[in-house]
Amino acid sequence: MRLGALYTYWVPLGFVLAVTVIREAVEEIRCYVRDREVNCQVYSRLTVRGTVKVKSSNIQVGDLLIVEKNQRVPADMIFLRTSEKNGSCFLRTDQLDGETDWKLRLPVACTQRLPTAADLLQIRSYVYAEEPNIDIHNFVGTFTREDSDPPISESLSIENTLWAGTVIASGTVVGVVLYTGRELRSVMNTSNPRSKIGLFDLEVNCLTKILFGALVVVSLVMVALQHFAGRWYLQTIRFLLLFSNIIPISLRVNLDMGKIVYSWVIRRDSKIPGTVVRSSTIPEQLGRISYLLTDKTGTLTQNEMVFKRLHLGTVAYGLDSMDEVQSHIFSIYTQQSQDPPAQKGPTLTTKVRRTMSSRVHEAVKAIALCHNVTPVYESNGVTDQAEAEKQYEDSCRVYQASSPDEVALVQWTESVGLTLVGRDQSSMQLRTPGDQILNFTILQIFPFTYESKRMGIIVRDESTGEITFYMKGADVVMAGIVQYNDWLEEECGNMAREGLRVLVVAKKSLAEEQYQDFEARYVQAKLSVHDRSLKVATVIESLEMEMELLCLTGVEDQLQADVRPTLETLRNAGIKVWMLTGDKLETATCTAKNAHLVTRNQDIHVFRLVTNRSEAHLELNAFRRKHDCALVISGDSLEVCLKYYEYEFMELACQCPAVVCCRCTPTQKAQIVRLLQERTGKLTCAVGDGGNDVSMIQESDCGVGVEGKEGKQASLAADFSVTQFKHLGRLLMVHGRNSYKRSAALSQFVIHRSLCISTMQAVFSSVFYFASVPLYQGFLIIGYSTIYTMFPVFSLVLDKDVKSEVAMLYPELYKDLLKGRPLSYKTFLIWVLISIYQGSTIMYGALLLFESEFVHIVAISFTSLILTELLMVALTIQTWHWLMTVAELLSLACYIASLVFLHEFIDVYFIATLSFLWKVSVITLVSCLPLYVLKYLRRRFSPPSYSKLTS
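What counts as what
Residues numbered from 1 in each chain as written. Predicted model: local features only at pLDDT ≥ 70, side-chain atom pairs only at ≥ 80, totals over all residues. Heavy atoms only, no water. Buried < 20%, exposed > 50% of the residue type's maximum accessible area, 1.4 Å probe, protein only. Helix = DSSP H or I, 4+ residues; strand = E, 2+ residues; numbered from the N terminus. Pairing = 2+ DSSP bridges. Arc of directions from axis to C-beta. Contact = heavy atoms within 4.5 Å. Axes fitted to C-alpha atoms, helices over the stretch in contact; angles between N-to-C directions. Parallel < 35°, antiparallel > 145°, perpendicular 65-115°, else oblique. Left-handed = near helix turned anticlockwise from the far one by under 90°. Nonpolar A, V, L, I, M, F, W, Y, C, P; charged D, E, K, R; others polar. Patch = residues over 30% accessible without salt bridge, like charges linked within 9 Å, V, L, I, M, F, W, Y side chains within 5 Å. Areas by Shrake-Rupley, 256 points an atom, 1.4 Å probe, with all protein chains shown as cover. Salt bridge = Lys/Arg side-chain N within 4 Å of Asp/Glu carboxyl O. UniProt positions renumbered as here; feature names shortened; annotations may be inferred. Expected span 1.5 Å × (residues − 1). Domains from an automatic or database assignment. Buried area = accessible area lost by both parts, 1.4 Å probe. Polar contact = N/O pair within 3.5 Å; in protein donor to acceptor, adjacent residues only side chain to side chain.

A. Looking closely at the pairing of strand S12 (residues 173-179). Within S12, seven of the seven residues are buried, which leaves the element mostly enclosed by the surrounding structure. Of the pairings in the sheet, the one linking strand S3 (residues 64-67) to S12 comprises four bridges and is antiparallel in character. Each bridged residue has a counterpart across the sheet, and for Leu 65 the counterpart in S12 is Gly 175. Here strand S4 (residues 76-82) runs beside S12; their pairing, made up of six bridges, is antiparallel. Paired with Thr 82 across the two strands is Val 173, which belongs to S12.

B. Representation of helix H13 (residues 488-497) within the structure. Residues Leu 488, Glu 491, Cys 492 and Met 495 constitute the buried set of H13. The buried residues of H13 occupy an angular sector of 105 degrees when projected down its axis, which confines them to one face. Opposite the buried face of H13, by more than 90 degrees, sit the exposed residues Glu 489, Glu 490 and Arg 497. Contacts from the buried residues of H13 go to strand S15 (301-311), helix H12 (475-478), strand S24 (501-510) and strand S25 (548-559). Positioned one or two residues after H13, Gly 499 has a phi angle of 85 degrees, which is positive.

C. Local environment of the packing of helix H16 (residues 563-572) against helix H24 (residues 727-767). Contact geometry for H16 and H24: axes closest at 8 Å, N-to-C directions at 25 degrees. One element, H16, and the other, H24, form an angle in the roughly parallel class. Here H16 runs over H24; the crossing is left-handed. Contact residues: H16 offers Thr 566, Thr 569 and Leu 570, while H24 offers Leu 728, Gly 729, Leu 732 and Met 733. The class makeup of the residues in the contact of H16 with H24 is four nonpolar, three polar and no charged.

D. Structural view of a nonpolar patch on the surface. A contiguous nonpolar surface patch, about 910 Å² in accessible area, is contributed by Leu 871, Leu 925, Leu 929, Tyr 932, Val 933, Leu 934, Tyr 936, Leu 937 and Phe 941. The residue Phe 941 is located in helix H33 (residues 914-941) in this model.

E. Spatial organisation of the pattern of salt bridges. Tallied over the entire structure, the rule returns 33 salt bridges. Asp 405 serves as the salt-bridge partner of Arg 501, at 3.0 Å between the closest nitrogen and oxygen. Of the two residues, Arg 501 sits in strand S24 while Asp 405 sits in helix H11 (residues 404-415), which places them 96 residues apart along the sequence. Connected through salt bridges with shared partners, the residues Asp 201, Arg 252, Asp 256, Lys 259 and Glu 284 form a single ionic network.

F. A look at the UniProt feature "binding site: Mg(2+)" (unreviewed entry) in the chain. Here, the residues flagged by UniProt with the feature "binding site: Mg(2+)" (unreviewed entry) are Asp 295, Thr 297, Asp 689 and Asp 693. For this annotated set, covering 399 residues, all C-alpha atoms fall within 10.6 Å of each other, a compact arrangement in space. Looking at the secondary structure, you find Asp 295 in the loop between strand S14 (289-294) and S15. Contacts of Asp 295, omitting those with residues within four sequence positions, involve Leu 300, Leu 580, Thr 581, Lys 669, Val 687, Gly 688, Asp 689, Asp 693 and Met 696.

G. Up close: helix H7 (residues 250-268). When the terminal C-alpha atoms of H7 are compared, their 27 Å separation across 19 residues agrees well with the 27 Å that a helix rising 1.5 Å per residue should span. Buried residues of H7: Ser 250, Leu 251, Val 253, Asn 254, Leu 255, Asp 256, Gly 258, Lys 259, Tyr 262, Ser 263 and Ile 266, and no others.

H. Molecular detail of the sheet that holds strand S20 (residues 427-431). Pairing is antiparallel in the open sheet, where nine strands are placed in the order S16-S15-S25-S24-S23-S22-S21-S20-S19. On the outer flanks of this sheet lie strand S16 (316-317) and strand S19 (419-423), each paired with one strand and no other. Inspection of the sheet shows S24 paired to S25 by seven bridges, in the antiparallel sense. When the bridges of S25 are listed, Lys 507 appears paired with Glu 548.

I. Summary view of the domain arrangement of the chain. One can read the domain layout of the chain as domain 1 (41-189), domain 2 (219-267 + 730-948), domain 3 (291-302 + 559-727) and domain 4 (306-333 + 358-376 + 393-556). The gap between the C-alpha centroids of domain 2 and domain 3 is 45 Å. Residue-level contacts link 10 residues of domain 2 with 11 residues of domain 3. Interface area for domain 2 against domain 3, summed over the two sides, is near 840 Å², with a carbon-plus-sulfur share of 75%. Taken as a group, Leu 731, Leu 732 and Pro 811 account for 47% of the area that domain 2 buries against domain 3, more than any other trio of residues on that side. Run the count over domain 2 and domain 3 and you get zero salt bridges. Taken together, the connections running from domain 2 to domain 3 amount to two residue pairs in polar contact (both at pLDDT 80 or more).

So, in structure tokens, the structure goes:
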């Protein structure tokens with residue numbers, strides 16, 4: 001005998017598969033459209049027929065590409081030509097390595113010398129390059145031109161490369177494509193995306209396995225109670241089919257449709273405009289994040305340096321008092337123009353107590369001269385480029401430098417009246433407030449290095465012939481170079497605590513003979529073959545003594561809007577924030593303080609640079625003695641620690657309130673995420689805006705991309721995309737929390753719905769001598785989990801325990817979810833017991849109160865079951881939505897209307913009697929009333945945390 005119609009089995013299963021397939025297909029199509037958009041970006045290719053347009057997806061190795069200023073480089077290339085007069089160009093690499101400094105790149109010399117770009121097609125040459133690898137900081141190759149006599153061969157290094165993902169910051173460049181596709185440095189630094197399955201889905205799968213075990217056990221118990229009589233194995237299969245409702249097939253559909261609703265709600269939230277859900281499979285993950293790993297540049301900061309403070313020891317000028325600095329500068333130059341003879345010969349200003357104006361002037365002049373910035377003039381449509389350069393046209397001038405700090409300093413000197421208007425290899429021009437041009441000859445320049453932490457310049461003032469050595473650098477190195485003073489250390493500490501990057505500026509006047517002696521020794525040192533760098537450093541250090549301290553400057557990387565309150569919210573929600581950046585240690589530490597990632601009362605432990613096992617061991621022991629202390633560590637030291645002491649390091653780092661990893665490669669970022677997941681078992685969320693964050697975003701349990709100025713790689717690779725970092729707070733506290741709590745309630749209710757009807761079937765079979773006879777057949781079974789109860793149960797996805805404003809105001813509510821209480825074995829067991837109680841009550845009640853015919857049992861029990869489910873939904877709801885009321889009434893109406901067609905299973909005349917109504921009312925009341933009483937008592941004597949806020 002067959003157990004019910006076939007369609008009662010395949011229709012629900014087919015529907016489940018169809019919903020899942022359609023949802024996945026929609027996401028795949030969206031992903032394809034996004035990729036196509038990126039692959040269709042157009043570039044100019046140089047050919048014998050002139051320049052032709054080419055899509056980025058059609059670029060091949062050996063193509064000659066023209067890339068304009070502010071355009072992204074589409075492939076790894078060798079730099080052949082530039083339109084810049086100085087024969088070099090700057091690159092913005094923050095999307096590749098996270099560094100804010102611009103990089104100087106040099107074209108191949110023999111191709112730069114060609115008269116025009118078209119001549120590149122006339123020469124016969126080839127490039128020999130190393131095989132593709134992941135190292136973005138090094139390159140080895142040669143460029144050989146065969147048609148010259150003799151053939152010219154030039155060595156190629158990292159300085160001659162333009163890696164994909166970088167942006168041209170100056171001029172127009174021509175390059176030859178070297179690597180494409182999977183061989184790109186940026187692609188090799190990103191890991192393959194993994195298919196993400198939410199922790200919530202894994203927990204639901206686990207509960208489903210338990211239910212499957214229960215199904216097998218119940219079926220075997222039923223057969224055992226028949227003493228395994230006859231063909232018991234067939235009876236077992238019949239019972240497995242009979243109780244198959246224990247496993248709720250509709251659970252998958254409900255959860256998948258719930259995820260679609262959550263994604264739609266996130267996209268429609270006007271408080272976080274522009275937010276995109278790229279992966280609708282894991283919105284519940286947002287509600288259980290324990291570790292947030294964020295990039296710095298472009299995510300927490302805007303990568304725009306702003307001058308904040310000038311400190312002269314006795315007086316400090318902030319943003320609000322810059323007009324005073326301006327008036328000092330103005331007064332100095334108006335006095336000079338009125339009294340020119342006084343300025344001619346050397347003065348005794350050092351011995352006389354100088355006025356404040358001259359002290360300010362000396363400091364501003366030092367800042368305006370001690371740098372590596374070049375002013376570039378661009379035509380703005382009105383003026384032609386050469387004319388603009390001749391006139392030093394303000395509106396056409398753009399400053400170029402490898403570091404945004406230096407540009408900020410020069411822009412500030414312009415704002416107070418001393419403007420850098422011209423610069424080449426050997427001279428510099430400043431313009432005064434009175435439009436007078438001051439000419440300086442650059443005699444020597446000592447560039448900034450990470451080892452020296454300072455830069456210096458020696459200039460000669462053309463008008464007076466004075467030679468001055470200016471220097472600026474970090475306070476740690478400058479403290480030993482400047483003359484003794486009692487304020488440098490204290491003020492540097494004060495400014496650093498405010499999150500400012502502090503530079504100490506000093507000067508030293510040199511007599512002509514003194515300089516000539518230095519130059520002779522310097523040239524000699526540069527010619528030596530052995531220990532050249534050491535000898536050169538020794539000669540420079542002979543000048544770096546007893547320098548006059550002029551001032552301290554403080555610059556700040558502008559934070560993104562509302563970063564501080566967002567980080568504060570995350571901290572209060574129990575989420576630990578780690579900052580992983582490719583930038584320098586000093587910059588990262590300043591940003592961490594400025595963004596209040598490290599609070600004012602927390603110490604910072606800067607992990608010393610370690611290179612071997614013993615050094616790492618000593619440094620870890622030193623760090624172990626610190627308590628409640630933020631950690632700052634560089635990528636190199638991190639690698640050594642993870643190689644020898646992975647477990648110990650991760651254990652200590654996880655105890656820190658905040659961790660900052662600087663000079664991190666994309667691979668290291670992903671490795672840290674992976675280790676956190678393995679060591680803690682907690683959920684991680686990675687946030688970034690650049691191509692160098694893609695690996696970390698894809699490795700994390702929940703990746704969030706910020707749409708930055710520098711393209712969309714991170715945003716496209718992420719599960720969720722936001723337009724600003726501050727939107728993350730609402731995404732987690734409101735949407736993440738709601739998604740998780742709603743899905744937990746929905747899944748448990750769907751399980752309850754299935755267990756109720758299975759319990760009734762078990763009671764029915766037990767009463768009738770363990771017969772494998774179905775209680776409900778045909779449409780009753782399908783209708784029960786679809787049109788009769790689906791809408792009210794699914795309306796739980798609109799439920800919320802607190803308003804979104806309360807969830808944002810009390811992030812501590814989020815902390816409760818980290819323990820995973822909304823869906824646990826305990827809550828599952830409670831719902832199983834409720835299901836058994838209600839199923840048994842309804843079935844035994846119907847058996848007790850039924851009259852002569854079997855159809856009456858079906859009528860009474862099924863009606864009671866539907867009413868019980870509708871009342872249980874009402875009991876579970878915490879905040880009523882008008883759609884919930886509609887769903888409840890619609891389901892009831894559907895059931896009453898369908899009774900007309902169900903005469904095969906239900907006696908229509910019987911249900912119209914008073915006897916039927918009172919019996920159904922009593923059974924429903926007995927099954928639901930005790931639960932309502934228990935809920936009231938629990939809310940009264942042991943209220944949950946959220947109810948204290950809503951009452």
